[in-house]
Amino acid sequence: MSALDALRRPRARPTLPENGGPGSRLLEVSGLTTRFDTPDGVVHAVNGVDFHVDRAEVVGVVGESGCGKSVTIRSILGLVRPPGRVVDGTVRFDGVDLLGLRRTELRRLRGKEIGFIAQNPFSALNPVMRIHRQFGTILAAHGAKSDGEVRDRARAALADVGIAGPDRVLDGYAHQLSGGMAQRVVIAMAMLLNPAFVIADEPTTGLDLTVQRQILDLIRGLVREHGRSMLLVTHDLGVVAQYCDRVVVMYAGKVIEHGTVREVLNTPRHPYTQALVRAIPRPGRPLVHLTGRLPDLVDYPTGCPFRARCPHAFEPCGHVVPEAVTVASGQTYWCHLPEERPEEREAVR
Ligand SMILES: Nc1ncnc2c1ncn2[C@@H]1O[C@H](COP(=O)(O)OP(=O)(O)OP(=O)(O)O)[C@@H](O)[C@H]1O
Ligand SMILES: [Mg+2]
C-alpha cells in the first residue's frame, strides 16, 4: 500500500462551478522574503518562497514547527508587524499586487476576498464583545444597514457551520464556547462575505481528534461546495492526503518541494520530504523519525539548509544553494542529489 493510499479515506470528487474558471491562477507568491530584527540578530524567517494556488484548488503547506508557515501566511495577508518586515518578493492575488496595497485596502480585501481562519479561535475572537456584535463589525464595514440584517446573516452563517440554536451563540461571549464551537464561529466569520479564497493556519490545533476531523470536513465542504480555493497549513501529512490537491513542503523558511499530493507522497524527491513520508504511521512498518533540528535562522546556513540532517549530503550541499529541479509532471524540488542516484530517492518506498 502506498503512503497516499494508507492515508486517504474514500471521498467524493468535488463539484466545480462551471463558470468559476477552475484551474486558472488565483494566488502567485514569488521570492517572498520576511525578516525579524531581534536583539539576537536578524531572523531569516521566510527566504525567497515561491508557490501558487489555482482556482478551485486546495493547497497544503507542511513543515515542522518554526519552518515559516505562519510567517509566510501573515506576509501574504499583510499582517507582519515590527520587528518583522517583508523585505522582498511579490504576492499577486487575482491579478492584484497585495504587497503594494495600503493597509486599509488590504483590510477590506481580507474578509471579502480572502477569509482567514487562524490557529487559535480564541485569539481571533474578541473576549469582551458579544459574538453578535463581532458579526456586526464585519458586516458594517461591508454595507449591512440594520441590526436585524446582521442577525439574519449571522444566523445563516452559523447554520452553514452546523450550529443549531444560533441565537444563544450570538448573544454570548467567546469564553462560553467550547474550542470546537469557537472554531466553527471563526469559520462562519471567515466565510461570511463569501470569499473566493480561504487561508487556514492549522485550524484544528488543540481540538480533540474527532472534532478536528469534523472541522476539517466542514471547511473542505464549504470550500468545495462554492468552488473556492484554499491554502491549508498543517503539520499532518494525513490531513494533506485527505484534504488537499497539491502540497508545498517548507524547510527553514524555504519551499523545498511542491507538487500534487499523489506525486509528493508517493515519490517524494527531497530527502526532507522523504523523511516526513517515512514518519507517517503505516501498518506493518516501524516509524522512522527525523533526528536533529531546524538550523539557526539567525545564523542562516550557506548552501542547502537541510544538509546538516541529510543522509545524502555531499560536497556541494555545504556552499551552493540548490536550484529548482522540475520533473515532467510539474513536481519541483530543490536538491543537489543527482537524478542518476535514484536508489537514494527510491529508498523511501
Ligand atoms: N515576532 C517574531 N519575532 C521574532 N521571530 C519571529 C517572530 N515571529 C516568528 N518568528 C520566527 O520566525 C520563524 C518562523 O515562524 P513561524 O511562526 O512562521 O513557524 P511555523 O512554521 O508557523 O511554526 P508552527 O508550526 O509552530 O506554527 C521562527 O523561527 C520564529 O521564531
Ligand atoms: Mg504556525
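Residue positions within a chain follow its written sequence, with the count starting from 1. Each chain is given a letter, starting from A, and each ligand a number, starting from 1, according to the order in which they appear as written. At least 70 in pLDDT is required for a residue's local features to be given in this predicted model, at least 80 for side-chain atom pairs to be given and counted, and no such filter applies to totals for whole chains, interfaces and linings, which use all residues. Only hydrogens and water are set aside when side-chain values are computed; all heavy atoms of the structure are taken into account.

Draft legend 1. Structural context of the sheet that holds strand S2 (residues 41-54). Pairs of strands are assigned from DSSP output, requiring at least two bridges between the strands. A run of DSSP states H or I qualifies as a helix once it reaches four residues; a run of E qualifies as a strand once it reaches two. Both are numbered from the N-terminal end. One open sheet holds the four strands; their spatial order is S2-S1-S4-S5, and the pairing between them is antiparallel. Lying at the two open borders of the sheet, with one neighbouring strand each, are S2 and strand S5 (96-97). Across eight bridges, the pairing between strand S1 (residues 25-38) and strand S4 (residues 84-93) is antiparallel. In the strand pairing of S4, threonine 34 is matched with valine 86. In this analysis, two residues are considered to be in contact whenever any of their non-hydrogen atoms come within 4.5 Å of each other. Each axis is a line fitted through C-alpha atoms, and for a helix only the stretch in contact is used; angles between axes span 0 to 180 degrees, taken between their N-to-C directions. Against the sheet, helix H2 (residues 69-76) touches S1, S2 and S4, its axis set at about 110° to S1.

Draft legend 2. Spatial organisation of the pattern of salt bridges. Whenever a carboxyl oxygen of Asp or Glu lies within 4 Å of a side-chain nitrogen of Lys or Arg, that contact is scored as a salt bridge. One pass over the structure, following the stated rule, counts 13 salt bridges. Here arginine 151 makes a salt bridge to aspartate 167, at a shortest N to O gap of 2.7 Å. Highlighted residues: arginine 151 in helix H6 (residues 147-160) and aspartate 167 in helix H7 (residues 166-170), separated in sequence by 16 residues. Arginine 151 is the partner of aspartate 171 in a salt bridge, and the nearest nitrogen-oxygen pair spans 2.8 Å. Residue aspartate 171 is found in the loop between H7 and helix H8 (179-191), and its partner arginine 151 is found in helix H6; the two are separated by 20 residues along the sequence. Overlapping salt bridges, with partners in common, bring together Arg151, Asp152, Arg155, Asp167 and Asp171 in one network.

Draft legend 3. Just the packing of aromatic side chains, in detail. Stacked, tilted and edge-to-face are the three classes assigned to paired rings of Phe, Tyr and Trp, where Trp is represented by its six-membered ring and a pair needs centres within 6.5 Å; plane angles under 30 degrees give stacked, over 60 edge-to-face, the rest tilted. Using the criterion set out here, one finds four aromatic pairs in the structure. Following the ring pairs from residue to residue traces out a cluster consisting of Tyr251, Tyr272 and Phe306.

Draft legend 4. Local environment of the layout of surface pockets. We place a 1 Å grid over just the protein atoms. Points where a 1.4 Å probe fits but has no way out form a cavity, open points with protein on both sides within 12 Å along at least 5 of 7 lines form a pocket, and any residue with an atom within 4 Å of a point lines it. Grid points are joined across faces, edges and corners, and a volume is the space filled by probe spheres set on the points. In this structure, the largest pocket occupies an estimated 810 Å³ of space. Lining the largest pocket are 22 residues, and of these Arg110, Gly111, Ala124, Ile138 and Met189 sit closest to its centre. Elements supplying a minimum of two residues to the lining of the largest pocket: helix H3 (103-112), strand S6 (114-117), helix H5 (131-140) and H8. Top element by residues in the lining of the largest pocket is H3. It accounts for four residues. When its residues are assigned to classes, the lining of the largest pocket shows 13 nonpolar, six polar and three charged. In this model, the second largest pocket occupies a volume close to 290 Å³. In this structure, the second largest pocket is lined by 16 residues; those nearest its centre are His235, Ala275, Leu276, Ala279 and His289. At the level of secondary structure, the elements contributing two or more residues to the lining of the second largest pocket comprise helix H10 (237-243) and helix H12 (271-278). Sort the elements by how many residues they give to the lining of the second largest pocket and H12 lands first, with three residues. Polar here means any residue outside two lists: the nonpolar Ala, Val, Leu, Ile, Met, Phe, Trp, Tyr, Cys and Pro, and the charged Asp, Glu, Lys and Arg; Gly therefore counts as polar. Taken together, the residues of the lining of the second largest pocket break down into nine nonpolar, four polar and three charged.

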